[in-house]
Each structure stands twice: as C-alpha cells, then as structure tokens.
Amino acid sequence: MNYMDYLKTQDFPLFWCGGCGNGAVLGAIVRSFAALCYSKEETVVVTGIGCWGKADDYVTTNSFHGTHGRALAFATGIKLANPKLQVVVLMGDGDGVTIGGNHFIHAARRNVDVTAILVNNYNYGMTGGQYSGSTPLNSITSTSRYGHIEEGFDICQLAIAAGAPFVARTSSDDPLAMQRFITAGLNKKGFSLIEVIAPCPTHFGKNNGMRNAADLMKWVKERSISVARAHTMNEEELALKLIMGILTDTEREDYGSKYSRVIAAAQEGRRDIK
Amino acid sequence: MTLKKNIFAMGNEAITEGALAAGARFYAGYPITPSSEIAERSSIRLPQLGGMFVQMEDEIGSIAAVIGASAAGVKSYTATSGPGFSLMQENLGVAVMGEIPCVIVNVQRSGPSTGLATKPAQGDVMQAKWGTHGDHGIIALSPSSVQECYDLTIRAFNLAELYRTPVILLADEIIGHMREGYCPHLPKEIIERKKPLCANRDYKPYDFCGEENEIAPLAAFGSEYITRINGSGHDESGNACGRLDNADKFIRHYHEKFQKNRDDIIETKSFDLQDAEYAIITFGCSVRSGKAALKLARQKGIKVGLLQLVTIWPFPYEQVAKICEQVQGVVVPEMNLGQIQGEIRKVCPTHCSLWGINRVDSQMITPYEILAKLEEAAI
Ligand SMILES: Cc1ncc(C[n+]2csc(CCOP(=O)(O)OP(=O)(O)O)c2C)c(N)n1
Ligand code: SF4
C-alpha cells in the first residue's frame, strides 16, 4: 500500500498553521498504516476535538469524530463490538489527559486493544492557547499570564502507572522514531500510547518567547534524553527531563481477549474463567 | 417456536430481557440506583448470548462506548438514573447528530442533583427532550407495567434502528422495582437498521434525501463500506462541513425526521374515553393511580376516561388535543411539577379545564387524590 492512499488529498491544504507539528504526525501515521498494509475498511480513526482532533478530516479510513476528551470511550465500544477492527485514537493533551483524563487512565488499566496517539503541544491550540493538564510550571498561556502555577502531567508515566503495556514518547521532528513507535503500538495487542511532543508556534511558542517551530523543537531537544541515558541518572537529574523512546513494552492480556473467556464460561455454565 | 409462559419479575429485569430479545448484544454502564439491576442482570445474561458487558468509569464514557459499539454494528444500550442521565447529555448529542441508534434507559429518581437518592420521581420529562444542547428531536417511551417494560424496550430498539436515533426509555423507580407477572414473548417484529446497497465508493452515511422515511442507510465499521461518523457539522459523506446552508439542512433534519414519522412513532392507550366528560392524561407509574381513580370515579357515576401517553416524545399533541376537545376537564397526575401538563396546555382549548396533581415528595400519587379532583370538578 502507498501511504497516499490513506490521505484525503482532495481536502488539502491542511487546516493547521505553518510550523504546527500535526502534519508530521499524520504523515507518520499513514506511513505506518501503509507499512502494515492496513485495510481502510477495517481501520477506524477515532478523534477528539481540537486542532489534532481534526486529523480525521484527512484520512480515507473509517472515522469517528466525537466529543472533546471522550475519544477513548467511543473507541472502547468500537473495539469491543468488533475485535477485528484496528482502532486508532488521536487526541491532544487537552483531550487525552485533561478533560479526558478519567477515560485515559481507565482505558490503560482496562487494557482495551486500541492505539492512542497523543499529540502534546502543552496547551489548547484550538481554543487559543489556554493551559492544559500537561502545561509545564511557570509557562505563559492565555489563562496563565502571570506564569502557570500548576505542574503538568508526565503523560507517559501516567499511562504506565495506569497499566498500559506499551508506552513510547518521541517528538514530531523525528519521523523515523514516530513511525517505528506507531507501528510497534499498532502491532501491540493491548492498550498502547505514543506521546508525540509537537510545536504549537501560534500559541504556546508565541506566549513563551519561541516564535517558530525550530525554537520550540530546540527547547524540546534541550530537555530530551534517551531511555538508556535516563537509566544512568538519578531522580533529581531526571526532573524536568523528557525521556524519549519506548518506556514500557510488556505483555498483558487485553480486555477483549479476557472477555471471550467470560463468554465461554457463561455459555458453558461455569462461574470461573480459567 | 415455543410460547413463553408468564413469569413474576421486576421491571428492571423485564427491561433487560426486552433488550436481549430485541437483539441487543452490548451494554456499557455505570451503576446507579434504581437502575443497577439492569447492569447486574446484563453482566450475567449478555455473555451467555455471546454479547459483551463493560462497566465504564462514568456515564460519559458509558454512553460513548454504547454509541461506538452501535457504530460497529452491534445493538447497544445503557441504563442509568438522574445524575448519570445528566452526565450522558453531551454524548447523547453525538448520537443525535451522528444518527447512531442506541437505547438509554433512565429509571427516574428524585432530583435535582443526588436528590432523595433511591426514591421515585418523574422529573426528567423535559431533560429527555432538551437535556442535550441544540435543536433536535428525540424519542422517549414510558412504561407503566412490567409487561410494558419488556414490550417498550423492544420497541425502543426497533425505533432506534428504524430512525437512526437514540431512544430513551423513561421508566421510574416504581415501575423499575415493582414486581408483577409478565410474558417475555418472542417479539412480533425485530427491526434491523437499513444497510446500503450502493457501490462502495458511492456510499454516504448521511445522505437522507429521497430515502424511505428520510433515513439514510448505515453501514457498520468493518463492513465493505467506509463509514465516517461525525458529531460535528458534517455533509452527506460525514466530512466536516462549515457551510451554513448545510447546517440548516441537517439541523432541520434532526427535528423533522421525527415530525414526518409521528404517526408511526406515537403510541397512546385509551381507557373508557368514548363517553368521557373528564379525562385523566398521564404516563409511567402515575397511570396505575389514574386507572384506579378511573374505576372509583365511574362507580360514583362520573364519566371519566384515561389517556396513557406511551410515547412521551415526540409529544402526542394530536391525540391529546382530540381528548381535550371532547371533555370538560383534564386531570394530569405526574410526579413532577407539571412538565407534561405544560405540553397539554399548548393544545388545550379554553372550554376544557386543566388541573395538575403534582407530587415531588417521592410518594406515589394516590387514586384518592385524583378522585378528589374529579369529584370537585364534576360538582
Ligand atoms: C466539553 C467541551 N469543553 C470545551 C470545549 C472547547 N474546546 C475545543 S478544543 C479544546 C482544547 C483542545 O486542546 P487539545 O486537546 O490539547 O488539542 P489541540 O487543539 O492543542 O490540538 C477545547 C477546550 C469543547 N469542545 N467541549
Ligand atoms: S493553533 Fe497550534 S496546534 Fe493549532 S494548528 Fe495552529 S500551531 Fe497547530
């Protein structure tokens, strides 16, 4: 398959601002679909609401565009109802871990077999650059003009703590890593999260003295370290660092597979699901 | 096919069996009294039939999972009560705008807020219609017996599939927890959603113009068609669309598809109305008090009839107007402060008096309260 087959090029140009990271993430996703020869009919892209939440406008697979923060809950129903579907969930940091934080931790804990690709641009792009649950301390946003007084989530650690079997982080200027992690996530049976750090030059960048995407990515790079490096550092040194790479990759039976054993038990009149 | 025999059961049990008989195979919900028996029974019964149950993290997620499962082609339902129904309102709008069939059981309890947590009420009539924002139509059915719990749940699924819409089963604590005999007969009719017949590339999930009942066919995710479901403003194909004429067309459609099919959707039941000079118009648990009052009043020589509103939304204005035209006065018992009465007032002519009997203390309205009003009127 050619990755262009998954893109609704007739609806280009993309709605996103110049320098926005979203386009590169979308590129990595459709390349991963192509690499895995995904059938459009058996793939569902589920989006939330936000700049990144508009990504379904540009894909040729099945799509479900629901409400802000609820994408994982819609995806849970889609996947459980038809386990043959490849369900890919696209969320912003507002969507995924702020308004939708409850669905996020429970989808990870429940281990629903979907792949979540969360674009973290540290603010609400769509509504004008207000702070989200991932906005770093002291940042300036449209609603923290005196500097943000809350700490942001470490989204990957949140997913790991909640039980996600596959968690990886990269940034939107690393197309190879994005494709590698997304492909691995899609192949993973169980809940997988790929967090992509991406620039929002229009709001987060502008508000914090980083006028273009390059400045923003430089700021990200300065804080980035590899998983291998992280192993050599202590907690104090790790504070405020962004660990890039595959942070966890374990095996855990997903909800759907377990439930088929519930069905077998119920149909055979047993009360145990061994 | 064997004829099922009568069994003695709770309303919530009959609702669950009705859902299964209608072909529902997916439940997502969050426990709340007085609806929890539906979740508990579904968790046992669904896997026996190869279906699926999931207890979600909240009611926002519950209705979302139900909508997602239905979009993937499985008839789906959830059950809740006041606080949970409030949480469901946002995504109820997704089912309206995405035109996804599903059934939401609201076993009403006292409100506002946590209210008298486990106690009955009928206060969600307007919320069922207008709880989610924006102009739209909706279907709500209200059972008054355990048999109706079963029958109307089946009908709710049929209507949901036929009109591509969420349907609300507006039950109440009294009916949900009441036990009486009912017959879980095989459904007379099971309606499945219309599937597309066109070539793959021609399929548009929202192209309703020229379709029977103005309802577009719905292909499930995973079929040979590409399906784009969209809760934002969209065109016939499901693509995001900000065109104003397009918004006008679709928002009117969410309203008109119910108006155009009123005759099929609306169901009322009449009792002793032929010669009636007074009428009791009511729904849900209050029908039971109304029927008892009718008997008492007839014994006293007052010519009373009763109109039971089985369909609450779209509201049976024509049926109600006809009765108001015929009688001198209408009594409306309801366990709220006049939500149904307000709708009746819209079509009640001046010659017909209109009285409400309203309780919000979670006590069932007694037949004697209704009788007293009828006696007062008939003097
Ligand atoms: C329930 C609800 N509250 C608020 C909004 C308004 N809203 C739309 S998008 C958005 C934030 C988007 O931020 P994020 O998810 O981080 O995505 P981004 O735009 O940055 O890609 C908000 C607050 C909404 N659509 N729904
Ligand atoms: S506002 Fe920010 S997130 Fe939204 S498109 Fe522009 S750069 Fe991207």
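Residues numbered from 1 in each chain as written. Chains lettered and ligands numbered in written order. Predicted model: local features only at pLDDT ≥ 70, side-chain atom pairs only at ≥ 80, totals over all residues.

### Regarding the overall build of chain B
Selection criterion: Per the convention used, a helix needs a DSSP run of H or I reaching at least four residues, while a strand needs a run of E reaching at least two, with both numbered from the N terminus. Here a residue counts as buried when 20 or more other C-beta atoms fall within 10 Å of its C-beta, as exposed when 12 or fewer do, and as partly exposed in between; the C-beta atoms come from the backbone. Two residues form a contact once the distance between their C-beta atoms, set from the backbone, is within 7 Å.
Along its length, chain B carries 13 helices and 15 strands. In terms of overall dimensions, chain B has a C-alpha envelope of 70 × 45 × 45 Å along the principal axes. In chain B, which comprises 379 residues, the proportion classed as buried is 56%. Considering only contacts within chain B whose residues lie at least 6 apart along the sequence, 77% involve residues at least 24 apart.

### Comments concerning the overall build of chain A
The criterion, for reference: Note on method: radius of gyration uses C-alpha positions; expected globular size equals 2.2 Å times residues raised to 0.38.
Helix and strand counts for chain A stand at 11 helices and 10 strands. A compact globule built from 274 residues would reach a C-alpha radius of gyration of about 19 Å, and chain A, at 19 Å, matches this within 12%. Dimensions of chain A, computed from the C-alpha atoms along their principal axes, are close to 65 × 50 × 35 Å. A total of 274 residues make up chain A; the buried ones form 53% of that total. Within chain A, residue pairs in contact and separated by at least 24 positions form 66% of the contacts whose partners lie at least 6 positions apart.

### Some remarks on the sheet that holds strand 7 (residues 166–171) of chain A
What counts, and what does not: Criterion used throughout: strands pair if DSSP finds at least two bridges between them. Only the stretch in contact is used when fitting a helix axis, every axis being a line fitted to C-alpha atoms; angles between N-to-C directions are given from 0 to 180 degrees.
If you walk across this open sheet you meet the 9 strands as 9(A)-10(A)-7(A)-8(A)-4(A)-3(A)-1(A)-2(A)-9(B), and the pairing is mixed. Here the strands that pair on one side only, and so sit at the sheet edges, are strand 9 (224–226) of chain A together with strand 9 (228–230) of chain B. Between one strand and the next, the sheet's axes are offset by a mean angle of 20°, whatever the strand orientation. Bridging between strand 2 (residues 62–65) of chain A and strand 9 of chain B involves 3 bridges; their strand directions are parallel. Residue pairing in the sheet places Ser63 of chain A in a bridge with Arg228 of chain B of strand 9 of chain B. Contacts from helix 1 (residues 22–35) of chain A reach strand 1 (43–47), strand 4 (115–120) and strand 8 (192–197) of chain A within the one sheet, and its direction differs from that of strand 4 of chain A by about 160°.

### Focus: the site of ligand 2
All names here are of chain A. Quick note on the threshold: Defining nearness, a residue is near a molecule or strand when the C-beta atom obtained from its backbone falls within 6 Å of it. Residues are grouped as follows: Ala, Val, Leu, Ile, Met, Phe, Trp, Tyr, Cys and Pro are nonpolar; Asp, Glu, Lys and Arg are charged; every other residue, Gly included, is polar.
For ligand 2, the full set of nearby residues is Trp16, Cys17, Cys20, Asn22, Cys51, Asn121, Gly125, Met126, Cys200, Pro201, Thr202 and His203. Sorting elements by how many residues they give to the shell around ligand 2 places helix 7 (residues 201–207) first, with 3 residues. For the shell around ligand 2, the residue count by class is 7 nonpolar, 5 polar and no charged.

### What to know about the packing of helix 2 (residues 71–81) of chain A against helix 4 (residues 101–110) of chain A
All names here are of chain A. Between helix 2 and helix 4, the least distance of the axes is 8 Å, while the angle of their chain directions is 35°. When helix 2 is examined against helix 4, the residues Leu72, Ala73 and Thr76 are found in contact with a partner set consisting of His103, Phe104 and Ala107. Tallied by class, the residues present in the contact of helix 2 with helix 4 amount to 4 nonpolar, 2 polar and no charged.

### A few points about the interface of chain A and chain B
Contacts between the two partners involve 33 residues from chain A, matched on the other side by 38 residues from chain B. Only strand 2, helix 2, helix 4 and helix 11 (255–267) of chain A provide two or more residues apiece to the side of chain A that touches chain B. A class-by-class count of the residues in the side of chain A that touches chain B yields 13 nonpolar, 14 polar and 6 charged.

### Focus on the site of ligand 1
All names here are of chain A. Contacts to ligand 1 come from 15 residues, most closely from Gly50, Gly92, Gly94, Gly125 and Met126. The dominant element in the shell around ligand 1, judged by the number of residues it contributes, is helix 3 (residues 93–99), at 3 residues. Looking at the shell around ligand 1 residue by residue, the class counts come to 5 nonpolar, 8 polar and 2 charged.

### Overview of unusual backbone geometry
Put simply, Gly111 of chain B and Pro112 of chain B share a cis peptide bond, and its omega is -5°. By secondary structure assignment, the location of Pro112 of chain B is in the loop between strand 5 (102–108) and helix 5 (125–130). The linkage connecting Trp313 of chain B with the following residue, Pro314 of chain B, adopts the cis geometry, with an omega of -5°. Not every positive phi belongs to a glycine, and Tyr122 of chain A is a case in point at roughly 65°. Looking at the secondary structure, you find Tyr122 of chain A in the loop between strand 4 and strand 5 (123–124).

### Some details on the sheet that holds strand 7 (residues 166–172) of chain B
Residues and elements named next belong to chain B. Pairing is mixed across the open sheet formed by 7 strands, whose spatial order is 3-2-4-5-7-6-13. Of all strands in the sheet, those bounded by a partner on one side alone are strand 3 (52–55) and strand 13 (311–313). When the angles between neighbouring strand axes are averaged without regard to direction, this sheet yields 20°.

### Notes on the domain arrangement of chain B
A common way to report how large an interface is uses the accessible area buried once the components associate. Residues and elements named next belong to chain B. Worth spelling out the cut-off: The start and end points of each domain follow an automatic or database-based domain assignment.
Taken domain by domain, chain B holds domain 1 (1–265) and domain 2 (268–378). Placing the centre of domain 1 and that of domain 2 at their C-alpha centroids yields a distance of 28 Å. On the side of domain 2, 21 residues touch domain 1, which itself brings 27 residues to the contact. Looking at the side of domain 1 that touches domain 2, the elements with two or more residues in it are helix 5, strand 6 (139–141), strand 7, helix 7 (173–177), helix 8 (244–259) and helix 9 (262–265). Looking at the side of domain 1 that touches domain 2 element by element, the count peaks at 4 residues for helix 5.

### Side note on the environment of Gln157 of chain A
All names here are of chain A. You can see Gln157 is positioned in helix 5 (residues 155–162). You can call Gln157 partly exposed: it has 14 C-beta atoms within 10 Å. In sequence terms Gln157 and Gly48 are 109 residues apart; their C-alpha atoms lie 22 Å from each other.

### Some details on the environment of Leu152 of chain B
Residues and elements named next belong to chain B. Along the chain, Leu152 falls in helix 6 (residues 146–163). Each C-alpha atom of the pair Leu152 and Ile15 lies 8.2 Å from the other, and the pair is 137 residues apart in sequence. Setting aside chain neighbours within four positions, we find Leu152 in contact with Leu141, Pro143, Leu169 and Val310.

### Here's the deal with the nonpolar core
For the record, the criterion: When buried Ala, Val, Leu, Ile, Met, Phe, Trp, Tyr and Cys residues are joined through C-beta atoms within 7 Å, the set is termed a nonpolar core.
Core analysis: the largest hydrophobic core is formed by 181 residues, its most contacted members being Val46, Ile78 and Val89 of chain A together with Val103 of chain B. Considering every element that reaches this core, the biggest residue donor is helix 6 of chain B, with 11 residues. The two domains that each donate at least three residues to this core are domain 1 (1–265) and domain 2 (268–378) of chain B. The residues touching Ile78 of chain A, leaving out its near neighbours within four places in the chain, are Val44, Val46, Phe64, Leu85 and Val87 of chain A together with Gly68, Ala69, Ala71, Ala72 and Phe221 of chain B. Counting residues in hydrophobic clusters, the runner-up holds 8 residues, among them Phe208, Ala216, Leu218 and Ala219 of chain B.

### Quick word on the pairing of strand 2 (residues 26–29) of chain B
Residue and element names in this part refer to chain B. Counted only if it meets this: With its strands directed away from the observer, a crossover is right-handed exactly when the path from the first strand over the helix to the second travels clockwise.
Alternating residues of strand 2 divide into Phe26 and Ala28 and Tyr27 and Gly29, and every residue in both groups is buried. Note that strand 2 and strand 3 share 4 bridges and pair parallel. Following the sheet pairing, Tyr27 is matched in strand 3 by Phe53. Crossover connection from strand 2 via helix 2 (residues 36–48) to parallel strand 3: handedness right-handed. Sheet topology note: the strand 2/strand 4 (residues 76–80) ladder contains 2 bridges and is parallel.

### Focus on helix 5 of chain A
Residue and element names in this part refer to chain A. Heads up, the rule is: This arc is built from the directions going out from the helix axis to the C-beta atoms.
Listed as buried for helix 5 are Ile155, Cys156, Leu158 and Ala159. All buried residues of helix 5 project into a common sector of 160° when viewed along the axis, lining one side. Contacts made by the buried residues of helix 5 are with helix 3, helix 4, strand 4, strand 7, strand 8 and strand 10 (242–249).

### Things to note about the packing of helix 1 (residues 11–21) of chain B against helix 6 of chain B
Residues and elements named next belong to chain B. Short version of the rule: Each angle gets one of four labels, with under 35 degrees taken as roughly parallel, over 145 as roughly antiparallel, 65 to 115 as roughly perpendicular, and the rest as oblique. If you view the pair so one helix is near and one far, a crossing is left-handed when the near helix is turned anticlockwise from the far one by less than a right angle, and right-handed when it is turned clockwise.
At a minimum axis distance of 7 Å, the contact between helix 1 and helix 6 shows a crossing angle of 30°. Considering the angle they form, helix 1 stands roughly parallel to helix 6. In terms of crossing hand, the pair formed by helix 1 and helix 6 is right-handed. Taking contact as the criterion, the partners of Gly11, Ala14, Ile15, Glu17, Gly18, Ala19 and Ala21 in helix 1 are, on helix 6, Val146, Cys149, Tyr150, Asp151, Thr153, Ile154 and Phe157. Grouping the amino acids of the contact of helix 1 with helix 6 by side-chain chemistry returns 9 nonpolar, 3 polar and 2 charged.

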